[in-house]
Amino acid sequence: MPAYVSSTAEPPWFARPAARAWTCPPAPTEVRDFHASLSGYAPTPLTELPPLATELGIGRVFVKDESGRLGLPAFKALGASWAVHRALAARAARAARAARAARGDATAPVTLVSATDGNHGRAVARTARLLGHRARIFVPRGVHPEAVAAIAAEGAEVSQVTGAYDEAVRQAAEAAVAPDALLVQDTAWPGYERIPGWIVEGYSTLCAEIDEQLAAAGAGTPDLIAIPVGVGSLAHAVVTHYRSRPAGPPTALLSVEPTAAPCVIESLTRGEPVSVTTGETIMAGLNCGTPSSIAWPRLRDGLDAAIAIPDAASARAAGDLARLGISSGPCGAASLAGLRAALTGDGADERRAALGLGPASAVVLLSTEGSAANPAATTADA
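Reading guide: rules and limits
Residues numbered from 1 in each chain as written. Predicted model: local features only at pLDDT ≥ 70, side-chain atom pairs only at ≥ 80, totals over all residues. Heavy atoms only, no water. 1 Å grid on protein atoms, 1.4 Å probe; cavity = no way out; pocket = protein on both sides within 12 Å on 5 of 7 lines; lining within 4 Å. Points joined across faces, edges and corners; volume = space filled by probe spheres on them. Helix = DSSP H or I, 4+ residues; strand = E, 2+ residues; numbered from the N terminus. Nonpolar A, V, L, I, M, F, W, Y, C, P; charged D, E, K, R; others polar. Expected span 1.5 Å × (residues − 1). Contact = heavy atoms within 4.5 Å. Pairing = 2+ DSSP bridges. Axes fitted to C-alpha atoms, helices over the stretch in contact; angles between N-to-C directions. Buried < 20%, exposed > 50% of the residue type's maximum accessible area, 1.4 Å probe, protein only. Polar contact = N/O pair within 3.5 Å; in protein donor to acceptor, adjacent residues only side chain to side chain.

Trainee: Looking at this structure, how should I read the layout of surface pockets?
Mentor: Where empty space is left becomes clear once a probe the size of a water molecule has been rolled over the atoms. A volume near 310 Å³ is recorded for the largest pocket. What lines the largest pocket is a set of 13 residues, and nearest its centre among them are Leu38, Leu70, Ser81, Thr127 and Leu130. At five residues, helix H4 (residues 119-131) tops the list of elements feeding residues into the lining of the largest pocket. Taken together, the residues of the lining of the largest pocket break down into eight nonpolar, four polar and one charged.

Structure, rendered in structure tokens:
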């Protein structure tokens, strides 16, 4: 197995260029068709920003703008809608078999339960409302009251938790043992992996859109994708997409997380999944202490590099994107902040080489949520 390369220098950085040779099976092709059937579906914009390419000394920079996905200000509806669709279908099939045996009701409403830092819970609540079900959403400390109100406005029961995100996940899992409840969580652990896997599959639509949009822009295969990371579910989807391509030049994949919650970079450095104690950060949706169990193997084998950034870098990036016409909160802007940290400052030449970037390279930044998802710059999920 190729050696891992890590550094304790600033910024926190980990690199494994051998990841570009690793491959895996693709996501199911029917996910995109499902999303296309939903009311209000349209591909989100992929916007080229030449000033950023000039600043960073690369060929082209594109931003995938998820500030308006299926009527919500973040990408999370892709995973929630597909996972709920699959989970309810499986539940209905089981209930129908039981109803036939007991002459009962196989169509009774259920309560969708989840923990969230903001956008995932709102997406679950919206999906529940549209399908005529209930939702109960657990919210950890630090989530802005406006984000909590947005979840409640979808008709969900909101339970506020005094602890951090991991504690909210634990309480949601406990509540979901009720017979009429269904846990729809976007992080996995041993024994709870099928629904998080469906959520990851749902995010594949975002990657399929990027392929089509880059082709239309004459950019071809991207040289690098920068991905904001919390528990790693979106990065899991991106790794799956780009490491399952049958041909063409490989794409480097860079994860970006807060220095206050570097669970992925810490796990990569140690070579095993670890939990970290998280601090306060304006990137609240990335403030996660433990990688998803199903994401971890893909992140370990498929990420080229990981970097951690401070709040000030993310806030600056959000402001710069706003001036260029992109609505992005601190979590979404983390991708730009991470790319800047990788390509500038001490050690930049080494990091640029590890990512395989040159003056003609094309880079895609995933802006996972709009500024409307971050009241007072405090909430999102990834």
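Trainee: What is the right way to read helix H12 (residues 311-323) from this model?
Mentor: For an α-helix the count is 3.6 residues per turn, leaving residues at separations of three or four pointing the same way. Taking 1.5 Å of rise per residue, 13 residues should cover 18 Å, and H12 covers 19 Å from first to last C-alpha, within 8% of that figure. Where H12 is buried, its residues contact helix H2 (50-56), strand S4 (60-65), strand S11 (305-309) and helix H13 (330-343).

Trainee: I tried to follow the sheet that holds strand S7 (residues 157-160) on my own but got confused; where do I start?
Mentor: Two orientations exist for strands paired in a sheet by backbone hydrogen bonds: parallel and antiparallel. Spatial ordering of the open sheet is given by S7-S6-S5-S8, a layout of four strands whose pairing is parallel. Two strands close off the open sheet at either side, each with one partner strand: S7 and strand S8 (181-183). Averaged over all neighbouring strand pairs, the angle between strand axes comes to 20°, with direction disregarded. Relative to S7, strand S6 (residues 134-139) runs parallel, the two sharing four bridges.

Trainee: What am I meant to see in helix H9 (residues 233-242) here?
Mentor: Burial within H9 is extensive, with 10 of its 10 residues counted as buried. Within H9, burial applies to Ser233, Leu234, Ala235, His236, Ala237, Val238, Val239, Thr240, His241 and Tyr242. On its buried face, H9 sits against helix H7 (194-202), helix H8 (204-216), strand S9 (224-228), strand S10 (252-258), helix H11 (295-302) and strand S12 (362-367).

Trainee: Just to check I follow, could you spell out the side chain of Thr251 for this structure?
Mentor: Inspection of the secondary structure puts Thr251 in the loop between H9 and S10. Taking relative accessible area as the criterion, Thr251 reaches 1% and is therefore assigned buried. Among the polar contacts made by the side chain of Thr251, one reaches the main-chain carbonyl oxygen of Pro222 at a distance of 2.7 Å. Setting aside anything within four residues of it in sequence, one finds Thr251 in contact with Arg20, Thr221, Pro222, Asp223, Leu224, Ile225, Tyr242, Arg243 and Asp304.

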